Amino acid sequence: MPDDLVRSDRLCCPTEMGWWSRRRQERELHRAAFEGRIDTFGDFGRGTVGGADLTPDGINETAKALFHQGRRDEALRLWRGLAESGDLTGMANLVIECAADGDQDEALEWWRKAVREGLDIPAHDPGLKLRTTGRDRAAEGWWRAAGERLKDDRSCEYLGISLRERGEEEEAALALRPAAERGDPACARELAALALARADRETDPARRRLAAAEGLKWARKAAAGGDERSRAMLADLEQGPT
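The structure presented is a predicted model; accordingly, all values stated were derived computationally and were not measured.

### What about the packing of aromatic side chains?
Argument step 1. Here the structure, examined in full by the defined rule, presents 2 aromatic pairs.
Argument step 2. Residues Phe67 and Trp79 carry aromatic rings whose centres are separated by 5.8 Å and whose planes lie at 50° to one another, so their mutual orientation is tilted. With a gap of 12 residues between them, Phe67 in helix H3 (residues 56-68) and Trp79 in helix H4 (residues 72-84) connect regions that are remote in the sequence.
Argument step 3. For Phe67, a relative accessible area of 24% corresponds to the partly exposed category.
Argument step 4. Under the relative-accessibility criterion, Trp79 is labelled buried at 5%.
Argument step 5. Both rings, one in Trp143 and one in Tyr158, keep their centres 5.6 Å apart while their planes meet at 55°; by these two values the pair is tilted. Placement of Trp143 in helix H8 (residues 136-149) and of Tyr158 in helix H9 (residues 153-165) is noted, with a sequence separation of 15 residues between them.
Argument step 6. Overall, Trp143 belongs to the buried group, its relative accessible area being 2%.
Argument step 7. Relative accessible area serves as the criterion here: at 24%, Tyr158 is assigned to the partly exposed category.

### Side note on the pattern of salt bridges
Argument step 1. Enumeration over the complete set of coordinates arrives at 20 salt bridges.
Argument step 2. The partner of Arg182 in a salt bridge is Asp153, with the nearest N and O atoms 2.7 Å apart. Of the two residues, Arg182 is situated in helix H10 (residues 169-182) and Asp153 in helix H9; the sequence distance between them amounts to 29 residues.
Argument step 3. Residue Arg182 is classed as partly exposed on the basis of its relative accessible area, which comes to 39%.
Argument step 4. It is possible to trace a salt-bridge network through shared partners that takes in Arg72, Glu97, Asp101 and Arg135.

### A short note on the nonpolar core
Argument step 1. Membership of the largest hydrophobic core comes to 48 residues, with the highest contact counts inside it found for Trp110, Leu130 and Trp142.
Argument step 2. Discounting residues that sit within four places of it in the chain, Trp142 has contacts with Val95, Ala99, Gln104, Ala107, Leu108, Trp111, Ala123, His124, Pro126, Gly127 and Leu130.

### Comments concerning the side chain of Glu190
Argument step 1. Residue position: Glu190 is located in helix H11 (residues 185-201).
Argument step 2. Setting aside chain neighbours within four positions, we find Glu190 in contact with Ile161, Arg164 and Leu176.

### A short note on the packing of H9 against H10
Argument step 1. Put simply, H9 and H10 touch, their axes get as near as 8 Å, and they point 155° apart. With respect to H10, the axis of H9 lies roughly antiparallel. The chirality of how H9 crosses H10 is left-handed. The residues of H10 that touch H9, namely those facing Asp153, Cys156, Glu157, Leu159, Gly160, Leu163 and Arg164, are Glu171, Ala172, Ala175, Leu176, Ala179 and Arg182.

### Concerning H3
Argument step 1. For H3, built from 13 residues, the straight-helix expectation of 18 Å at 1.5 Å per residue is met to within 8% by its first-to-last C-alpha distance of 18 Å.
Argument step 2. Taken together, the buried positions of H3 are occupied by Gly58, Ile59, Asn60, Thr62, Ala63 and Leu66.
Argument step 3. Immediately beyond the C-terminal end of H3, within one or two residues, lies Gly70, with a positive phi of roughly 85°.

Rules behind the numbers
Residues numbered from 1 in each chain as written. Predicted model: local features only at pLDDT ≥ 70, side-chain atom pairs only at ≥ 80, totals over all residues. Heavy atoms only, no water. Phe/Tyr/Trp six-rings, centres within 6.5 Å; stacked < 30°, edge-to-face > 60°. Helix = DSSP H or I, 4+ residues; strand = E, 2+ residues; numbered from the N terminus. Buried < 20%, exposed > 50% of the residue type's maximum accessible area, 1.4 Å probe, protein only. Salt bridge = Lys/Arg side-chain N within 4 Å of Asp/Glu carboxyl O. Core = buried A, V, L, I, M, F, W, Y, C linked by side-chain atoms within 4.5 Å. Contact = heavy atoms within 4.5 Å. Axes fitted to C-alpha atoms, helices over the stretch in contact; angles between N-to-C directions. Parallel < 35°, antiparallel > 145°, perpendicular 65-115°, else oblique. Left-handed = near helix turned anticlockwise from the far one by under 90°. Expected span 1.5 Å × (residues − 1).

As structure tokens, this is what we get:
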């Protein structure tokens, strides 16, 4: 085979093509970080970009500044570039922002990758971060996905509480039940409280008895799981009216 064809094959081999692709992605990320950093200096910035600004920590700081300035798309571009290069902070931010956009499939994909790479990020945590920034419905979307697909009991609990707080008691019970049936005492306690509140509102005696019996059942299950608040609740229930 002629030498020039051999050299051509070598240039096109997957390993070298992957290297060039990574280098191109790295250059694009650095260019975006440089431009973003210049833009975020403001009137009182130091006005120069140093090497530290193009490290993963520096790029994350730039992305954070862009995000807080309302330039979310630019921040996401940097976080995505970091995540694709293996940066754990970039991955963690992508989990939250993908969930905020309602893309739970991608959010879960980045969460799994971050956990495999060693990031300590409990499954319920992205929902808490969304809720603390006022994105309650997005938090519920994440908790629902994590509860159903990761079987995460804390996500079931927080989803149930969030739904109860806005008056969606039937939906709250549906969210809590799987974890309660797996033996999670906090979810069982929340189910007990929902059933007992329903019993208090019932005007039909038969329905009131059924709801009270359900509340007692879940309170016992929660207490057996070691939940102290449920033990106190159970003591009051079994004592009855004084």
